[in-house]
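A look at the structure
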Amino acid sequence: MRIILLGPPGAGKGTQAISLAEEFNLPHISTGDLLRQNVKKSTQLGLRAQDFMNKGLLVPDELVTDMLAQRFKDPDIKNGFILDGFPRNIHQAKTLDNILKEANTGIDAVIYLDTSEKVIIQRLSGRLVCKNCGQNFHKTNMPPKADNLCDKCGGQLYQRQDDKEATIMARLEVYRKEVSTLIEYYEEKQKLYRILADEEAGIVLNRMLQLLKERRDSLKV
Ligand code: AP5
């Protein structure tokens with residue numbers, strides 16, 4: 001099963017991708033996480049990407065598509081993947097189609113997490129992330145058991161640089177510019193499924209699981 005999670009910053013793509021990946025035993029591939037790992041290690045890619053990310057802008061296509069093509073060479077993706085954060089524009093969507101075509105495969109479904117702006121801002125401004133393992137929390141929606149410590153590994157929690165209010169608005173602006181073209185692209189291919197995503201994470205996950213169950217045959221799940 002090859003699934004893309006599409007949606008605005010803060011829609012819950014990362015949160016839901018982790019649950020879907022566990023449920024279906026598939027790798028979760030997040031371009032945001034891959035880029036942040038590169039920034040942390042100060043790789044050439046990380047050094048070039050950092051400034052774009054801090055400003056809430058898209059990292060140039062060729063950097064991200066090369067990084068993804070490299071990740072797709074790993075053997076763990078042979079049974080599928082949950083892709084989160086890619087594609088962000090039509091050029092990336094077409095590049096992804098080409099990468100998959102070369103492997104004689106394609107996308108099964110694109111799940112669009114439809115989220116209101118009020119919810120997005122509340123989620124992003126309260127997000128906390130573990131410095132060590134990358135686990136997401138939220139100050140009020142999903143608080144850690146101990147203040148500022150990760151439930152999973154005990155690592156320190158921090159606020160992402162791009163979750164400051166001004167950068168959130170810049171990210172939303174970038175997202176709005178590109179999203180309608182992407183939605184049309186996948187609608188034309190009859191791959192797009194909309195899920196209302198303002199509610200709590202468990203409810204949204206159940207909606208996705210129900211959809212995937214209903215579409216099991218056509219999605220080859
Ligand atoms: P990326 O990391 O992909 O950021 P994003 O798309 O802006 O998405 P987020 O990670 O902010 O949100 P999410 O939808 O995953 O929400 P989450 O589950 O964390 O990208 C960062 C940057 O990298 C980009 O700005 C760009 O510069 C660069 N980049 C990445 N990919 C790129 C590409 N393809 N091309 C070019 N540049 C690229 O949830 C958010 C919060 O809400 C959490 O605190 C969570 O606990 C909480 N929450 C989640 N769901 C719920 C729920 N249902 N109810 C209550 N709380 C919830």
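Residues numbered from 1 in each chain as written. Predicted model: local features only at pLDDT ≥ 70, side-chain atom pairs only at ≥ 80, totals over all residues. Heavy atoms only, no water.

1. Notes on the overall build of the protein chain
Summing up its helical and strand segments, the protein chain has nine helices and eight strands in all. At 17 Å, the protein chain has a C-alpha radius of gyration in line with the 17 Å of a compact globule built from 221 residues. If you line up the protein chain on its principal axes, its C-alpha atoms span 45 × 40 × 35 Å. Expressed as a percentage of its 221 residues, the buried residues of the protein chain come to 47%. Taking the intrachain contacts of the protein chain between residues at least 6 apart in sequence as the baseline, contacts between residues at least 24 apart amount to 68%. For the protein chain, the accessible area works out to roughly 11900 Å², and carbon and sulfur atoms hold 47% of it. For the protein chain, the centre of its 33 positive side-chain charges and the centre of its 30 negative side-chain charges are spaced 3 Å apart. (Helix = DSSP H or I, 4+ residues; strand = E, 2+ residues; numbered from the N terminus. Rg over C-alpha atoms; globule rule 2.2 N^0.38 Å. Buried < 20%, exposed > 50% of the residue type's maximum accessible area, 1.4 Å probe, protein only. Contact = heavy atoms within 4.5 Å. Areas by Shrake-Rupley, 256 points an atom, 1.4 Å probe, with all protein chains shown as cover. Lys, Arg positive; Asp, Glu negative; His and termini not counted. Charge placed at Lys NZ, Arg CZ, Asp CG, Glu CD.)

2. So, the environment of Lys-177
With respect to the secondary-structure elements, Lys-177 resides in helix H7 (residues 165–188). For Lys-177, a relative accessible area of 64% translates into the label exposed. Taking the C-alpha atoms as reference points, Lys-177 and Asn-104, separated by 73 residues in sequence, lie 31 Å from one another.

3. What about the nonpolar core?
Counting residues in each nonpolar core, the largest one holds 32 residues, and the members touching the most others are Ile-29, Leu-35, Phe-72, Phe-81, Leu-83, Leu-96 and Tyr-186. When residues in this core are grouped by element, the largest group, six residues, is from H7. For Leu-96, the residues in contact, after removing those within four places along its chain, are Ile-4, Leu-68, Phe-72, Leu-83, Phe-86, Pro-87, Ile-107 and Tyr-186. Residues Leu-20, Leu-26, Tyr-193 and Leu-205 belong to the second largest nonpolar core, which totals 21 residues. (Core = buried A, V, L, I, M, F, W, Y, C linked by side-chain atoms within 4.5 Å.)

4. Brief notes about the site of the ligand
Near the ligand, the surroundings consist of 35 residues, among which Thr-15, Leu-57, Arg-88, Arg-127 and Arg-171 are the closest. In the environment of the ligand, an oxygen atom lies 2.5 Å from a nitrogen or oxygen atom belonging to the side chain of Thr-15. Leu-57 is positioned such that a nitrogen or oxygen atom in its backbone is 2.6 Å from an oxygen atom of the ligand. Protein contacts shield 97% of the accessible area of the ligand, which totals 1000 Å² for the unbound molecule. (Near = heavy atom within 4 Å. Polar contact = N/O pair within 3.5 Å; in protein donor to acceptor, adjacent residues only side chain to side chain.)

5. A few points about the packing of helix H2 (residues 31–40) against helix H4 (residues 61–71)
One can describe the packing of H2 onto H4 by two numbers: an axis separation of 11 Å at closest approach and a directional angle of 100°. With respect to their mutual orientation, H2 and H4 come out roughly perpendicular. The segment H2 lies against H4, with Thr-31, Leu-34, Leu-35 and Asn-38 engaging Val-64, Met-67, Leu-68 and Arg-71. Looking at the contact of H2 with H4 residue by residue, the classes come out as five nonpolar, two polar and one charged. (Axes fitted to C-alpha atoms, helices over the stretch in contact; angles between N-to-C directions. Parallel < 35°, antiparallel > 145°, perpendicular 65-115°, else oblique. Nonpolar A, V, L, I, M, F, W, Y, C, P; charged D, E, K, R; others polar.)

This is a description of form; function is not addressed.
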